[in-house]
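Inside the fold
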Amino acid sequence: MAMDIATSFSVLNHSHDAIVDAINKLDEKIAPPSLLLLYFSEDYDYDVLQLTLTKYYPNTPFLACSSCQGFMTEDGYINGRGVALWAINDIVGAYGTSIVSSNGAIFDIARQAILKAINNSGRLGESPTLILLHATPGCEEEVIRGIEDVVGKNIAIIGGSAADDHVQGNWRIFNHEQQTQQGIGIAVFYPNCEVSFSFHSGYAATSYSAIATKVQGRELIELDHQPAADIYQQWIQQNFEANSSIINESSLNPLGRLVGEIHDLPYFKLAHPLMVTKTNGLKMFASIIEGERLYFMTGTDERLITRAGRVVTATNGIKLNPIGGLAIYCAGCMLKVQQRMEEVALFMKIAMHDKSFVCPFTFGEQGQFVTGENAHGNLMISAVVFHRD
């Protein structure tokens, strides 16, 4: 049975015009989809997007997530604003989505969200091949724990946290049933093909490291019993004002947690410092566990530009025979190399063998490491490729 993946996008200003334009372009490329994904910039009216998609595709589950200042597809880097659709047509497979607003214990809400998505797919009692996660920023580690409590730890989770243009909280996720600014969005995949994954950062550890000796939620208060911001500023050799954003300044120097080693090479999940707090701590985009050793990492623009292609290739190396794929690229990395994002998109297109893919820019990335561990990190790239055996 043939399976197909296609994308389309529109940069028209008016919400209704843009989504209809993208739908019309998509309909020329693919039969009625089994699953639709929508990525959009914050200035579109999500009520209009939701209503229009539901009207045009009454029988297709979809999941929509806002992206920071554009996205990438096989047609290149779309900068600033737009809507992008990704569709899979797979008559033999099964797909389902869910949105659950978080107003309670995140662990329980995540369990509810994955069970609802599986139920909506019609494959109750069967574990999916792949879970796509689009949560709003804040508790992603706990979301992963809740999902794994239902399906186990070996089902791959790929995802990105909903984003807006300027970290103002203007993010949104929705499907045909519900929308929320604070919650969890899930799509489950039971595809009729091979699927492979990759999750990487393009950073290397320096000789600097310290133990997280005091942590509260996502605030790193002390490193080696000293104010965390003091230590970080010594490492990065810059001074920052309290309560000011340091997202751009810190994007080439995140803090890394050692995940494991492959072929004697260490690999890390990253946490991106967001700001210096009043108490001279660091507010982070990921949760740190007290007692963890944190490594001062370093990256280069060059690495951020080439690694997206390398991550796609790493999903299955030379055996890749892709039908299409999905990728997640950190918004912080995108903003750092924004002038050269056309190169990033080209590297991905080549690695994807010119097949269709979509890639939003997110505020936190989820993926499965080679060791099989699902994790949430920052400044990461996550990729999944659907391919023929």
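Residues numbered from 1 in each chain as written. Predicted model: local features only at pLDDT ≥ 70, side-chain atom pairs only at ≥ 80, totals over all residues. Heavy atoms only, no water.

Some points on the sheet that holds strand β22 (residues 322–330)
The cut-off we apply is this: DSSP bridges decide pairing: two strands pair if at least two such bridges lie between them. Starting at the N terminus, helices and strands are each numbered in turn, a helix being any DSSP run of H or I of at least four residues and a strand any DSSP run of E of at least two. With axes taken as lines fitted to C-alpha atoms, and helix axes fitted only over the stretch in contact, angles between N-to-C directions fall between 0 and 180 degrees. Here a residue-residue contact requires only that any non-hydrogen atoms of the pair lie within 4.5 Å.
Spatial ordering of the open sheet is given by β5-β4-β23-β22-β26-β13, a layout of six strands whose pairing is mixed. The two strands at the open ends of the sheet, each matched to only one other strand, are β5 (76–79) and β13 (194–201). Going across the sheet, the axis of each strand differs from the next one's by a mean of 15°, ignoring polarity. In this structure, strand β4 (residues 70–73) lies alongside strand β23 (residues 356–362), joined through three bridges in antiparallel fashion. Note on β23: the bridge partner recorded for Thr 73 is Val 358. Contacts between helix α9 (residues 341–351) and the sheet are confined to β4, β5, β22 and β23, with β23 contributing the most and set at about 140° to the helix.

Points about the UniProt feature "domain: FIST" (unreviewed entry) in the chain
The condition that has to hold: UniProt positions are given in the numbering used here, feature names are shortened, and annotations may be inferred rather than shown by experiment.
Following the UniProt record, one finds the feature "domain: FIST" (unreviewed entry) at residues 32–227. The span residues 32–227 is 20% helix and 44% strand, and its two end C-alpha atoms sit 56 Å from each other.

Considerations on the side chain of Ser 98
Inclusion rule: In this scheme, a residue with accessible area under 20% of its type's maximum is buried, one over 50% is exposed, and one in between is partly exposed, where area comes from a 1.4 Å probe on protein chains only. Nitrogen and oxygen atoms within 3.5 Å of one another constitute a polar contact, given that in protein one can donate a hydrogen and the other can accept it, and given that sequence-neighbouring residues count only through two side-chain atoms.
Tracing the chain through its elements places Ser 98 in strand β7 (residues 94–101). When its relative accessible area of 0% is taken as the criterion, Ser 98 is described as buried. A polar contact is formed between the side chain of Ser 98 and the backbone oxygen of Ala 113, at a distance of 2.6 Å. In this structure, Ser 98 is in contact with Leu 63, Ala 113, Lys 116, Ala 117, Asn 175, Ile 184, Gly 185 and Ile 186, ignoring residues within four places of it in sequence.

Some remarks on the environment of His 14
Structurally, the position occupied by His 14 is in the loop between β1 (4–10) and α1 (15–27). The spacing of His 14 and Asp 43 is 29 residues in sequence and 9.6 Å in space, taken between C-alpha atoms. A distance of 3.3 Å separates the side chain of His 14 from the backbone nitrogen of His 16, its partner in a polar contact.

What to know about the sheet that holds strand β11 (residues 179–180)
Here six strands make up an open sheet; going across it, the order is β1-β6-β2-β3-β10-β11 and the pairing mixed. In this open sheet, the two strands that pair with only one neighbour each are β1 and β11. The sheet strands contacting α1 are β1, β2 (35–40) and β6 (83–89), and the helix crosses β1 at an angle near 150°.

A word on the pairing of strand β8 (residues 130–135)
A regular strand carries its side chains on alternate faces of the sheet. Most of β8 is tucked away, with six of its six residues classed as buried. Across four bridges, β8 lies against strand β9 (residues 156–160) in parallel orientation. Bridging across to β9, Ile 131 finds its partner in Ile 157. Strand direction decides the pairing type here: β8 and strand β12 (residues 183–190), joined by six bridges, are antiparallel. In the sheet register, His 134 faces β12, and the bridge partner there is Gly 185.

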